[in-house]
Amino acid sequence: MFKSNDLNILSFPFNGVLPQSNQVVVRDIDVVGVGAVRKQQLLKIQSEREIVLQSHSAFIPPSVKSIYDEELKRTLQWLKPVRVTSVSDFDFRAEVLSTFEKSFPKTNLFLGIMGKSSRDKYLQEMEWSSWLLQDHWRYFVGFVRQKFPENTALRELAQWEWIHAWLEIQPFEEEKTGGKQIKVNTSLQTLALSEDNKEIERMKGLYAFVYDQDSVKITERQLDIYEAALLDLLAEDRIYNEEQLLEMALLEEIEPHINKDEWRKRIEVLLASAILVQH
């Protein structure tokens, strides 16, 4: 699907729509140093279009400039833009507000009339300490928790959206060795919803989020008590083969008790969901 765009500048998080032009512009503040989902999206775009990288180097905070320069070198190696152009004018505030709306769409709607004052207050308190625009909102969940301590639905909604946004830009890649050892996906994030949340249409319970390298997607699954126990057994980077993990699981004092075959089914489900991986 193609869409005209006079500037041909791609917006991230990316919605999959490319401009008609043979060349597309991506901005360093959206792509330098990213991994996981966004990197794979960029590689796909690279196979279909010529990429021009737009640099905001003059606006990168001095505190992170040296790290930015190193990440830029690494990014150029795989992004392979046909050219790099520099930007001389940049409205930081407008850009971070736009990024907020893309990263926290449901939270933004939930806040309603409180949204503007909340965003303004956050930006007053938070200096720009990263070159990635999305990363500027990494403390927003904590900010919401502090400002709205009684609003459980809002806090958990913001955290749910941030987990998805955060996983999109993190460089999680599992080495595939074809082994039989089982471990937790290094990208695993969890969220316990303390009540049903109608904004995200999720029921109360424990949820797991991972970057699935095979599908190049962020996947989510509600865990039952047995699946949660398996993750606990593999916590702190523990690694077992399937039989060892089953032996450990059978020692769990969970009621109602399930047999070895039922535990095996839980392991298979977690492997199929990429929450557990074999190496």
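Residues numbered from 1 in each chain as written. Predicted model: local features only at pLDDT ≥ 70, side-chain atom pairs only at ≥ 80, totals over all residues. Heavy atoms only, no water.

A. View of the sheet that holds strand E3 (residues 83-86). Read across the open sheet, the three strands follow the order E1-E2-E3; overall the sheet is parallel. In this open sheet, the two edge strands, each paired with only one partner strand, are strand E1 (23-27) and E3. Strand-to-strand twist of the sheet, defined as the mean angle between neighbouring strand axes without regard to direction, takes the value 30°. Those strands touched by helix H3 (residues 65-79) are E1, strand E2 (50-55) and E3, and its axis lies near 170° from that of E2. (Pairing = 2+ DSSP bridges. Helix = DSSP H or I, 4+ residues; strand = E, 2+ residues; numbered from the N terminus. Axes fitted to C-alpha atoms, helices over the stretch in contact; angles between N-to-C directions. Contact = heavy atoms within 4.5 Å.)

B. Region of interest: the sheet that holds strand E7 (residues 217-223). Taken together, the three strands give an open sheet; going across it, the order is E5-E6-E7, and neighbouring strands pair in antiparallel fashion. Each edge of the sheet is formed by a strand with only one pairing partner; in this case those strands are strand E5 (189-193) and E7. The average undirected angle you get between the axes of adjacent strands in this sheet is 25°. Across seven bridges, the pairing between strand E6 (residues 205-212) and E7 is antiparallel. The partner of Tyr211 across the bridge, within E7, is Ile218. Packed onto the sheet, helix H8 (residues 152-169) meets E5, E6 and E7 and runs at close to 165° relative to E5. Helix H9 (residues 225-233) rests against E6 and E7 of the sheet, and its axis sits at about 115° to E7.

C. Structural view of the packing of aromatic side chains. Applying the stated rule across the entire model yields 17 aromatic pairs. Taken together, a centroid distance of 5.9 Å and an interplanar angle of 10° make the contact between Phe104 and Trp162 stacked. Of this pair, Phe104 sits in the loop between helix H4 (92-103) and helix H5 (105-111) while Trp162 sits in helix H8, placing them 58 residues apart in sequence. Trp162 matches Phe104 in its accessibility class, with the two residues each being buried. (Phe/Tyr/Trp six-rings, centres within 6.5 Å; stacked < 30°, edge-to-face > 60°. Buried < 20%, exposed > 50% of the residue type's maximum accessible area, 1.4 Å probe, protein only.)

D. Broad picture of helix H2 (residues 36-48). Its 13 residues place the ends of H2 19 Å apart at the C-alpha level, agreeing with the 18 Å of an ideal helix rising 1.5 Å per residue. Those residues of H2 that fall on the buried side of the exposure criterion are Ala36, Val37, Arg38, Lys39, Leu42 and Ile45. (Expected span 1.5 Å × (residues − 1).)

As far as function goes, none of this settles anything; it's purely spatial.
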